[in-house]
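The primary structure of each chain is shown beneath.
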Amino acid sequence: MTASAPFWPAFWPPFWRGFRALLPLWPGMVPFAVAYAVTARAGGLSVWETQLMSATVFAGASQFAAAGQFVGGGLPTVAGALGLVATTFLLNARHVLYGLSLSRALPLPWGQRLVAAQFLTDEAYGVTVVAGPRDPGGLSVAFLLGAELSLYAVWNASTLLGALAGAVLPDPQALGVGVIFPLAFLGLLVPLLVDRVTLLVAMVSGVGAWLLGRALPGGLVILLAGVGGAALGAWITTRRAGSRA
(Lines give C-alpha, C1' and ligand atoms only; values in the text may rest on other atoms or scores of the structure.)
Protein backbone atom coordinates (compact mmCIF):
# COMPACT_ATOMS: atom_id res chain seq x y z
CA MET A 1 0.00 0.00 0.00
CA THR A 2 2.74 2.44 0.97
CA ALA A 3 4.80 1.58 -2.11
CA SER A 4 1.98 2.28 -4.53
CA ALA A 5 0.40 5.27 -2.74
CA PRO A 6 2.80 7.92 -4.14
CA PHE A 7 2.07 6.74 -7.69
CA TRP A 8 -1.53 7.91 -7.91
CA PRO A 9 -1.13 11.59 -6.90
CA ALA A 10 1.63 11.92 -9.50
CA PHE A 11 -0.46 10.05 -12.11
CA TRP A 12 -3.51 12.29 -12.30
CA PRO A 13 -2.07 15.71 -13.35
CA PRO A 14 -0.42 14.40 -16.57
CA PHE A 15 -3.43 12.13 -17.16
CA TRP A 16 -5.82 15.09 -17.19
CA ARG A 17 -3.42 17.11 -19.35
CA GLY A 18 -3.43 14.28 -21.89
CA PHE A 19 -7.22 14.03 -21.58
CA ARG A 20 -7.65 17.76 -22.28
CA ALA A 21 -5.20 17.69 -25.19
CA LEU A 22 -7.73 15.65 -27.20
CA LEU A 23 -10.72 17.89 -26.49
CA PRO A 24 -10.34 19.87 -29.77
CA LEU A 25 -10.91 16.61 -31.67
CA TRP A 26 -14.14 15.73 -29.91
CA PRO A 27 -16.39 17.61 -32.39
CA GLY A 28 -15.02 15.44 -35.19
CA MET A 29 -15.47 12.23 -33.23
CA VAL A 30 -19.09 12.69 -32.16
CA PRO A 31 -20.85 12.53 -35.55
CA PHE A 32 -18.90 9.48 -36.73
CA ALA A 33 -19.67 7.54 -33.57
CA VAL A 34 -23.31 8.49 -34.05
CA ALA A 35 -23.14 7.36 -37.70
CA TYR A 36 -21.69 4.01 -36.62
CA ALA A 37 -24.48 3.55 -34.08
CA VAL A 38 -27.16 4.33 -36.66
CA THR A 39 -25.57 1.85 -39.08
CA ALA A 40 -25.37 -0.85 -36.43
CA ARG A 41 -28.97 -0.33 -35.33
CA ALA A 42 -30.13 -0.41 -38.97
CA GLY A 43 -28.26 -3.71 -39.33
CA GLY A 44 -30.31 -5.27 -36.56
CA LEU A 45 -28.05 -4.83 -33.52
CA SER A 46 -29.65 -3.88 -30.24
CA VAL A 47 -28.62 -0.82 -28.26
CA TRP A 48 -26.66 -3.10 -25.92
CA GLU A 49 -24.85 -4.87 -28.77
CA THR A 50 -24.09 -1.59 -30.52
CA GLN A 51 -22.63 -0.16 -27.32
CA LEU A 52 -20.70 -3.33 -26.49
CA MET A 53 -18.88 -3.18 -29.82
CA SER A 54 -17.75 0.39 -29.13
CA ALA A 55 -16.63 -0.54 -25.63
CA THR A 56 -14.61 -3.59 -26.68
CA VAL A 57 -13.48 -2.94 -30.27
CA PHE A 58 -13.04 0.86 -30.23
CA ALA A 59 -12.02 1.14 -33.88
CA GLY A 60 -14.31 3.23 -36.04
CA ALA A 61 -13.63 1.82 -39.51
CA SER A 62 -13.64 -1.76 -38.21
CA GLN A 63 -16.92 -1.19 -36.42
CA PHE A 64 -18.51 0.16 -39.59
CA ALA A 65 -17.29 -2.93 -41.47
CA ALA A 66 -18.63 -5.24 -38.79
CA ALA A 67 -21.98 -3.47 -38.63
CA GLY A 68 -22.36 -3.92 -42.37
CA GLN A 69 -22.16 -7.69 -41.92
CA PHE A 70 -25.37 -7.66 -39.88
CA VAL A 71 -27.54 -5.89 -42.46
CA GLY A 72 -30.63 -8.03 -42.98
CA GLY A 73 -30.30 -9.68 -39.60
CA GLY A 74 -28.50 -12.79 -38.44
CA LEU A 75 -24.85 -13.57 -37.85
CA PRO A 76 -22.32 -13.43 -40.69
CA THR A 77 -21.24 -16.70 -42.33
CA VAL A 78 -17.85 -18.28 -41.60
CA ALA A 79 -16.50 -16.84 -44.85
CA GLY A 80 -17.95 -13.46 -43.94
CA ALA A 81 -16.42 -13.60 -40.47
CA LEU A 82 -12.98 -14.49 -41.87
CA GLY A 83 -13.31 -11.69 -44.39
CA LEU A 84 -14.18 -9.30 -41.59
CA VAL A 85 -11.11 -10.36 -39.61
CA ALA A 86 -8.90 -9.82 -42.68
CA THR A 87 -10.50 -6.43 -43.34
CA THR A 88 -10.01 -5.39 -39.73
CA PHE A 89 -6.35 -6.38 -39.90
CA LEU A 90 -5.75 -4.34 -43.04
CA LEU A 91 -7.65 -1.34 -41.71
CA ASN A 92 -5.62 -1.33 -38.48
CA ALA A 93 -2.21 -2.49 -39.69
CA ARG A 94 -0.90 1.03 -39.10
CA HIS A 95 -1.14 0.40 -35.35
CA VAL A 96 1.89 -1.87 -35.63
CA LEU A 97 3.88 1.20 -36.65
CA TYR A 98 2.36 3.29 -33.88
CA GLY A 99 3.23 0.65 -31.30
CA LEU A 100 6.83 0.38 -32.46
CA SER A 101 7.22 4.14 -32.33
CA LEU A 102 5.74 4.43 -28.85
CA SER A 103 7.78 1.50 -27.52
CA ARG A 104 10.97 3.39 -28.39
CA ALA A 105 9.82 6.71 -26.96
CA LEU A 106 8.04 5.27 -23.90
CA PRO A 107 9.24 1.84 -22.70
CA LEU A 108 6.51 0.21 -20.61
CA PRO A 109 6.04 -3.07 -18.72
CA TRP A 110 3.82 -5.64 -20.44
CA GLY A 111 0.73 -4.90 -18.39
CA GLN A 112 0.78 -1.21 -19.26
CA ARG A 113 1.55 -2.03 -22.89
CA LEU A 114 -1.56 -4.18 -23.20
CA VAL A 115 -3.78 -1.48 -21.72
CA ALA A 116 -2.26 1.26 -23.87
CA ALA A 117 -2.52 -0.90 -27.01
CA GLN A 118 -6.23 -1.55 -26.44
CA PHE A 119 -7.11 2.15 -26.41
CA LEU A 120 -4.60 3.43 -28.98
CA THR A 121 -6.00 5.51 -31.87
CA ASP A 122 -4.55 7.63 -34.65
CA GLU A 123 -5.46 10.84 -32.87
CA ALA A 124 -4.17 9.76 -29.45
CA TYR A 125 -0.89 8.62 -30.99
CA GLY A 126 -0.39 11.85 -32.94
CA VAL A 127 -1.10 14.13 -29.99
CA THR A 128 0.97 12.02 -27.60
CA VAL A 129 4.16 11.96 -29.68
CA VAL A 130 3.96 15.71 -30.34
CA ALA A 131 2.57 17.12 -27.08
CA GLY A 132 3.72 14.40 -24.68
CA PRO A 133 7.43 15.33 -24.66
CA ARG A 134 6.46 18.97 -24.00
CA ASP A 135 4.41 18.03 -20.94
CA PRO A 136 5.96 19.28 -17.64
CA GLY A 137 6.70 15.70 -16.62
CA GLY A 138 7.76 14.60 -20.10
CA LEU A 139 6.15 11.81 -22.08
CA SER A 140 4.54 9.39 -19.62
CA VAL A 141 2.08 6.54 -19.52
CA ALA A 142 -0.31 8.82 -17.61
CA PHE A 143 -0.37 11.38 -20.46
CA LEU A 144 -0.78 8.60 -23.04
CA LEU A 145 -3.69 6.99 -21.19
CA GLY A 146 -5.32 10.37 -20.67
CA ALA A 147 -5.21 11.06 -24.40
CA GLU A 148 -6.48 7.58 -25.25
CA LEU A 149 -9.32 7.52 -22.73
CA SER A 150 -10.41 11.01 -23.74
CA LEU A 151 -11.46 9.73 -27.16
CA TYR A 152 -12.70 6.46 -25.67
CA ALA A 153 -15.10 8.40 -23.45
CA VAL A 154 -16.51 10.62 -26.18
CA TRP A 155 -16.73 7.73 -28.68
CA ASN A 156 -18.76 5.57 -26.32
CA ALA A 157 -20.97 8.43 -25.13
CA SER A 158 -21.67 9.37 -28.75
CA THR A 159 -22.38 5.74 -29.64
CA LEU A 160 -25.04 5.64 -26.96
CA LEU A 161 -26.48 8.89 -28.23
CA GLY A 162 -26.66 7.54 -31.78
CA ALA A 163 -28.12 4.23 -30.68
CA LEU A 164 -30.90 5.92 -28.76
CA ALA A 165 -31.66 8.95 -30.93
CA GLY A 166 -29.85 8.46 -34.23
CA ALA A 167 -32.99 8.57 -36.35
CA VAL A 168 -33.60 12.23 -35.49
CA LEU A 169 -29.98 13.42 -35.86
CA PRO A 170 -28.59 15.03 -39.04
CA ASP A 171 -26.34 13.20 -41.51
CA PRO A 172 -22.69 13.59 -40.33
CA GLN A 173 -21.50 14.02 -43.93
CA ALA A 174 -23.79 17.03 -44.32
CA LEU A 175 -22.09 18.72 -41.37
CA GLY A 176 -18.67 18.68 -43.08
CA VAL A 177 -16.89 17.45 -39.95
CA GLY A 178 -14.68 15.07 -41.93
CA VAL A 179 -12.20 17.90 -42.43
CA ILE A 180 -11.37 18.08 -38.71
CA PHE A 181 -9.08 15.04 -38.54
CA PRO A 182 -6.91 15.83 -41.62
CA LEU A 183 -6.46 19.41 -40.41
CA ALA A 184 -5.59 18.19 -36.91
CA PHE A 185 -2.89 15.87 -38.26
CA LEU A 186 -1.48 18.60 -40.47
CA GLY A 187 -1.29 20.80 -37.40
CA LEU A 188 0.64 18.07 -35.59
CA LEU A 189 2.96 17.50 -38.55
CA VAL A 190 4.07 21.08 -39.22
CA PRO A 191 6.05 21.58 -35.95
CA LEU A 192 7.99 18.38 -36.72
CA LEU A 193 9.33 19.71 -40.04
CA VAL A 194 12.48 21.17 -38.53
CA ASP A 195 14.98 20.65 -41.38
CA ARG A 196 15.32 19.58 -45.01
CA VAL A 197 15.47 15.87 -44.17
CA THR A 198 12.16 15.84 -42.28
CA LEU A 199 10.54 17.97 -45.00
CA LEU A 200 11.78 15.60 -47.73
CA VAL A 201 10.63 12.51 -45.83
CA ALA A 202 7.19 14.04 -45.22
CA MET A 203 6.78 14.95 -48.90
CA VAL A 204 7.91 11.54 -50.18
CA SER A 205 5.73 9.72 -47.64
CA GLY A 206 2.73 11.86 -48.54
CA VAL A 207 3.11 11.23 -52.27
CA GLY A 208 3.71 7.54 -51.64
CA ALA A 209 0.59 7.31 -49.46
CA TRP A 210 -1.47 9.03 -52.16
CA LEU A 211 -0.27 6.59 -54.82
CA LEU A 212 -0.71 3.51 -52.61
CA GLY A 213 -4.13 4.73 -51.53
CA ARG A 214 -5.41 4.25 -55.07
CA ALA A 215 -5.07 0.48 -54.72
CA LEU A 216 -4.72 -0.50 -51.04
CA PRO A 217 -6.78 -0.12 -47.82
CA GLY A 218 -6.05 2.92 -45.68
CA GLY A 219 -4.48 1.12 -42.73
CA LEU A 220 -2.01 -0.74 -44.93
CA VAL A 221 -1.22 2.46 -46.83
CA ILE A 222 -0.23 4.24 -43.63
CA LEU A 223 1.89 1.29 -42.53
CA LEU A 224 3.77 1.03 -45.83
CA ALA A 225 4.18 4.79 -46.26
CA GLY A 226 5.35 5.11 -42.65
CA VAL A 227 7.89 2.30 -42.91
CA GLY A 228 9.09 3.65 -46.26
CA GLY A 229 9.44 7.17 -44.89
CA ALA A 230 11.30 5.92 -41.81
CA ALA A 231 13.67 3.88 -44.01
CA LEU A 232 14.30 6.91 -46.22
CA GLY A 233 15.01 9.14 -43.24
CA ALA A 234 17.35 6.56 -41.70
CA TRP A 235 19.21 6.13 -45.00
CA ILE A 236 19.69 9.89 -45.47
CA THR A 237 20.76 10.40 -41.85
CA THR A 238 23.21 7.49 -41.98
CA ARG A 239 24.67 8.69 -45.25
CA ARG A 240 25.15 12.21 -43.94
CA ALA A 241 26.79 10.88 -40.78
CA GLY A 242 29.14 8.77 -42.90
CA SER A 243 30.08 11.79 -45.02
CA ARG A 244 30.97 13.80 -41.94
CA ALA A 245 33.09 10.93 -40.62
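About the thresholds
Residues numbered from 1 in each chain as written. Predicted model: local features only at pLDDT ≥ 70, side-chain atom pairs only at ≥ 80, totals over all residues. Heavy atoms only, no water. Helix = DSSP H or I, 4+ residues; strand = E, 2+ residues; numbered from the N terminus. Buried < 20%, exposed > 50% of the residue type's maximum accessible area, 1.4 Å probe, protein only. Contact = heavy atoms within 4.5 Å. Patch = residues over 30% accessible without salt bridge, like charges linked within 9 Å, V, L, I, M, F, W, Y side chains within 5 Å. Areas by Shrake-Rupley, 256 points an atom, 1.4 Å probe, with all protein chains shown as cover. Salt bridge = Lys/Arg side-chain N within 4 Å of Asp/Glu carboxyl O. Arc of directions from axis to C-beta. Core = buried A, V, L, I, M, F, W, Y, C linked by side-chain atoms within 4.5 Å. Phe/Tyr/Trp six-rings, centres within 6.5 Å; stacked < 30°, edge-to-face > 60°. Lys NZ or Arg CZ within 6 Å of the ring centre and 35° of its normal.

**So, the overall build of the chain**
Move 1: Each helix and strand counted, the chain has 13 helices and zero strands in total.
Move 2: Counting from the amino terminus, helix and strand elements in the chain follow one another as α-α-α-α-α-α-α-α-α-α-α-α-α.
Move 3: Expressed as a percentage of its 245 residues, the buried residues of the chain come to 37%.
Move 4: If you take every contact in the chain between residues at least 6 apart in sequence, the share linking residues at least 24 apart comes to 79%.

**Examining a nonpolar patch on the surface**
Move 1: A cluster of nonpolar residues, Leu186, Leu189, Leu193, Leu199 and Met203, forms a patch on the protein surface that exposes about 430 Å² of accessible area.
Move 2: Contributions of two or more residues to the nonpolar patch are made by α11 (180-189) and α12 (196-212).
Move 3: Assignment of secondary structure puts Leu186 in helix α11.

**Let's talk about helix α3 (residues 47-56)**
Move 1: Buried within α3 we find Thr50, Gln51, Met53 and Ser54. Considered in projection along α3, the buried side chains sweep an arc of 155 degrees and stay on one side of the axis.
Move 2: Each element contacted by the buried residues of α3 is listed here: α2 (26-42), α4 (60-69) and α9 (141-165).
Move 3: Taken from the residues just after α3, Phe58 is the one with a positive phi, measuring 50 degrees.

**Points about the nonpolar core**
Move 1: Counting 22 residues, the largest nonpolar core has Leu22, Tyr36, Phe58, Leu151 and Trp155 as its most contacted members.
Move 2: For this core, the elements supplying multiple residues, two or more each, are α2, α4, α8 (122-131) and α9.
Move 3: No other element matches the six residues that α9 contributes to this core.
Move 4: Those residues in contact with Trp155 that lie beyond four places of it in its chain are Met29, Phe32, Ala33, Tyr36, Ser54, Phe58, Gly60 and Gln63.
Move 5: Formed by 14 residues, the second largest nonpolar core is a distinct cluster that contains Phe11, Leu108, Leu120 and Tyr125.

**Structural notes on the packing of aromatic side chains**
Move 1: Evaluated as defined, the whole model comprises 13 aromatic pairs.
Move 2: Here Phe15 and Trp16 contribute two aromatic rings whose centre-to-centre distance is 5.2 Å and whose plane-to-plane angle is 85 degrees, an arrangement assigned as edge-to-face.
Move 3: By relative accessible area, Trp16 is classed as partly exposed at 40%.
Move 4: Between the NZ or CZ atom of Arg113 and the centre of the ring of Trp110, over which it lies, the distance is 5.0 Å.

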